[in-house]
Every structure is written in structure tokens, then in C-alpha cells.
Amino acid sequence: MSVLAVVAPLLSLLAVAVPLLLVVGAVGRGLPRDASDEVDRAARRRVRTASRVSVGVAVVATVVVLALGDDLPLAVGPLGIGVLAVVAATLLERSWPRPAGTVRTAAVRPRPAAPRFLQRVWVGSAASLAVLCLGGMLLSAPDGRSLEVHWAGGAAGHSPFPGWRYSLPALVALAVLVLATRWGLRTVEGRPALDPAHEQVDADARVTSTARLLRAAAVSTLVTVAAFAYVAGSALAQMAQTLRMNQAPVALAPPFDWRQDLGFALFGVMTAAVVLALVTLGAGPTRAPAPAAAADPVLR
Amino acid sequence: MTVLTVDLDAAEPPYEQLRAQVAGHIATGALRPGDRLPTIRALAGDLGVATGTVARAYRELEATGLVTTRRRTGTVVASGTTAQDDTVRSAARDFAGLARRHGLTEVEAIDLVRAALRGGPGPATGR
């Protein structure tokens, strides 16, 4: 317990800080600067500003979370940072010019599709975190922060463990992140299009904005998944070892020790989440596919 | 590029303007079966109108069988719809050009067509 008590917060700090520093570089990507005219330049400027502001908000929030340094802020910190980054990007998305005048024109063309890979990673990571939280709440001791096993004449405990004390706030933060991301995606979809002459830059800006939102949401969730899986896996694996060393009647021999197997499986989940978070930071197009050949106008 | 225009000052409500234009694009073949229409939120955002306006236009188009709406694919031009005969389409194009040359507004031109379809002499345009 003593080694884990020292190492776990340090690893949690790294788990929060390293990916979020990488986010600074990845989420901050804008559109290429090859603007053709003022409308084009203004659109690219807006995309760049949204990226920089959301990254800035994420960095400040990370510093605050790390400064607090307590276990609960560290547990929900990445999700909170994700929420703030998504909200900042969404508010800036609402600052695009709106249609004016009494005669208004719109092209009959669907919006570019959201990056499928990022969408899947976001949905998958949110579902994984929900499962981890629910599992943690089921297995934890009544105090909501440790794992305990009792048997006739003895008991063993390990902490920290993602019980209700960490999982419940994390589930609430995840729900807020889901709602914020949904609001952000709807805002990007409803943002008025640029004029038909700037169809490509409009589609590029939209895809970049969508990717930024999904990336921020997915990475902050994956970091939480990795942290929760690591903490839960460590507690389970150490509990299995403790029970065997103390020759507890409830101890099981490997490979049929479910606590040890589950602990190792959670280490696998942690590794997968970290790798996926790194891949996600680099994934996602910043350009929409070129629009199809325009149909001829008939009556208009 | 196929476009939709809404005149907020026109006597015709915006949803009807949208419905008529989409129906017209389908009739002329500018929109073909399977073509996806923008989502309600997207079109409302582009035109700066309420989502309810676009939703009503789409609902009326769906009621007449011109479009279908499904959860996964969104609103698409229905498969049973076909563009009008080339001769009729060409005549419509010619008439639109003639109306433009004579300075008729869209409403006046459509009123003439409507009157012709009903067998009357057509409204006086005052031009």
C-alpha cells in the first residue's frame, strides 16, 4: 500500500499531464494558411482562434488540476478539462457571422460527414469508462475508495480503488462531457455556411471543428479510462498477491485467480487506452473531401 | 449548384417557399432520387430561419411522397419520384426565361402558370 500510495499519484499526474501537453500540439492544429481572399482568411482565422483558445483553456485547467493535487480532482480532472475545452470551442463556433437581410440563399448540400474514426473512439471510450465506473462501484468497499476482502479470522484491503467516491463524480463528469460534446457537434452542424464560392474552406472548417470537439472529448475520456484501469488493476493484482501470501482461505491459485486475471486485463485496458489516446491526438482530417461537381441551376 | 432562397418579406410563408423550391428541383431533375437534403438544423442555420420552418417544409414534402426521412440517412429524395418529361422541362425553362425578360417577379410568373393550369386567362400583371 505504501509504495502504491506514492507511485499512484505520480502516475496519475503523468497520465494527466503528458497527454494533455500533447493535446496542446494536436488540438491546436488549424487549417493550412493558403487563403485565397478575405472571406477565406477570416474563416481560417476563426478556426485557428478556436483551436488556440480551447488549447489555452485546457492548459490553464490542467495547471489548476495539478496544483490542487488531491485525489478527487485528479480523478475527474481530465474529464473536466475536456468539458472546458469543448465548451470554449463551441462558444467560439457560435461567433461565426449569421445570415442577414431579408433574402437568404443556401446550397442544397449535406454537411461533410464527421470523422468516423474519432466518432467511434469517442463513443467507445465513453462506454468503456462507464463500464469501469460501474464495475468499480460494485467491487469496492463501503468507503468507496478501497478494495477489501474479509474472511473468518482476517481481512485484507488495498486502496486507492475506483469505488463510488471516484466513480460517481467521474460518471457525472462524463455525462456533462457527453452533453457538452453533443451541443458542440450540433452547433458546428447548424453554423451558417459560407457563400458557395467558399464551399471547400467551409467544409474544411467544419470538419476541423468537429474533429477538435471529438478529439478533446475522446482523449480526456481515454486518459480517465487509463487512470481508472491502472488504479483498479493495481489494487486487484496486489489483493490477489496479499491473499496468497497470507494463505487466506479465499485465495485462489493462478491462473484461476479472477482478481489477478482481472487486474492484468485492466493493465491491458490501460495500455490500449494510452495507445488509442496518442493515436487519436494525431488522427482526424483537417480537410473535407472535395465537393462533388455542382449541378446546374435550373430555375434559380 | 442547387440552391434554395427564402424571401422573408414575401407574402408566401418561408416554409412554403422552401417546399415549392425543393419540389421544383425534384421536378426538373436538379435533385434526383437518393440525393440527400441538408439536415433541418443545417438548412435552418444557413438560411437563418427557425428549425421549425425547415421541419414543416420537409414534413409537407414527405406527406406528398417527394422525400423520405430516416434516422440513419436523414432526408433523401424519394425513389419513386421522377423528373418531368424533357419537353415539359424545356418549356418550363423557356417560360422562366421569357418571364425574366419581361420583368415578371417569381410570384407573378407562377400565378400565370397556375392560372393556365386551371384553364383561366391568367392574372393581369400590369406590365
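Bear in mind the structure is a predicted one, so any value in this text is a computation, not a measurement. (Residues numbered from 1 in each chain as written. Chains lettered and ligands numbered in written order. Predicted model: local features only at pLDDT ≥ 70, side-chain atom pairs only at ≥ 80, totals over all residues.)

In this assembly, 25 residues from chain A lie in contact with 28 residues from chain B. Within the residue set of the side of chain A that touches chain B, elements represented by two or more residues are β1 (103-107) and α5 (164-190) of chain A. Per element, the largest residue contribution to the side of chain A that touches chain B is five residues, and it comes from β1 of chain A. Classifying every residue of the side of chain A that touches chain B by side-chain character gives 14 nonpolar, three polar and eight charged. Where β1 of chain A lies against strand β1 (residues 3-7) of chain B, five bridges are found, and the strand directions are antiparallel. Considered in β1 of chain B, the bridge of arginine 104 of chain A is made with valine 6 of chain B. (Contact = placed C-beta atoms within 7 Å. Helix = DSSP H or I, 4+ residues; strand = E, 2+ residues; numbered from the N terminus. Nonpolar A, V, L, I, M, F, W, Y, C, P; charged D, E, K, R; others polar. Pairing = 2+ DSSP bridges.)

This paragraph deals with the domain arrangement of chain B. Domains assigned within chain B are domain 1 (14-77) and domain 2 (86-117). Computed over C-alpha atoms only, the centres of domain 1 of chain B and domain 2 of chain B are separated by 23 Å. (Domains from an automatic or database assignment.)

Below, the discussion takes up the packing of helix α2 (residues 40-47) of chain B against helix α3 (residues 51-63) of chain B. Residue and element names in this part refer to chain B. For the pair α2 and α3, interaxial distance at closest approach is 8 Å and the crossing angle is 125°. The angle between α2 and α3 falls in the class oblique. Classified by chirality, the crossing of α3 by α2 is right-handed. Contact residues: Ile40, Arg41, Leu43 and Ala44 in α2; Thr51, Thr53, Val54, Ala55 and Tyr58 in α3. Of the residues assigned to the contact of α2 with α3, the class counts are six nonpolar, two polar and one charged. (Axes fitted to C-alpha atoms, helices over the stretch in contact; angles between N-to-C directions. Parallel < 35°, antiparallel > 145°, perpendicular 65-115°, else oblique. Left-handed = near helix turned anticlockwise from the far one by under 90°.)

Turning next to unusual backbone geometry. Residue and element names in this part refer to chain A. The omega torsion across serine 159 and proline 160 is 0°, close enough to zero to call that bond cis. Turning to its location among the elements, proline 160 is positioned in the loop between β3 (154-158) and α5. For glutamine 247, which is not glycine, the phi dihedral falls at a positive 50°. Structurally, the position occupied by glutamine 247 is in the loop between α6 (199-245) and α7 (258-282).

Moving on, we come to helix α3 (residues 71-93) of chain A. Residue and element names in this part refer to chain A. For α3, spanning 23 residues, the distance from its first C-alpha to its last is 34 Å, which sits close to the expected 33 Å at 1.5 Å a residue. Where α3 bends most, the angle comes to about 50°, and this point is glycine 77, followed within four residues by the proline proline 78. The element α3 is largely enclosed, with a buried count of 17 among its 23 residues. (Expected span 1.5 Å × (residues − 1). Bend = angle between axes of the 7 residues up to and from the residue. Buried ≥ 20, exposed ≤ 12 C-beta atoms within 10 Å, placed from the backbone.)

Residues and elements named next belong to chain B. The sheet contact formed by strand β2 (residues 67-70) and strand β3 (residues 74-77) spans four bridges and is antiparallel. Counted as the bridge partner of arginine 70 is glycine 74 from β3. A loop of three residues connects β2 with β3, the two strands running antiparallel in sequence.

What follows deals with α2 of chain B. Judged by how many residues are buried, α2 of chain B sits mostly within the fold: seven of eight residues are covered. Considered for burial, the residues of α2 of chain B that qualify are Ile40, Ala42, Leu43, Ala44, Gly45, Asp46 and Leu47 of chain B. Buried residues in α2 of chain B make contact with β1 and α5 of chain A together with β1 and α3 of chain B. Phi for glycine 48 of chain B, located one or two positions after α2 of chain B, is positive at around 65°.

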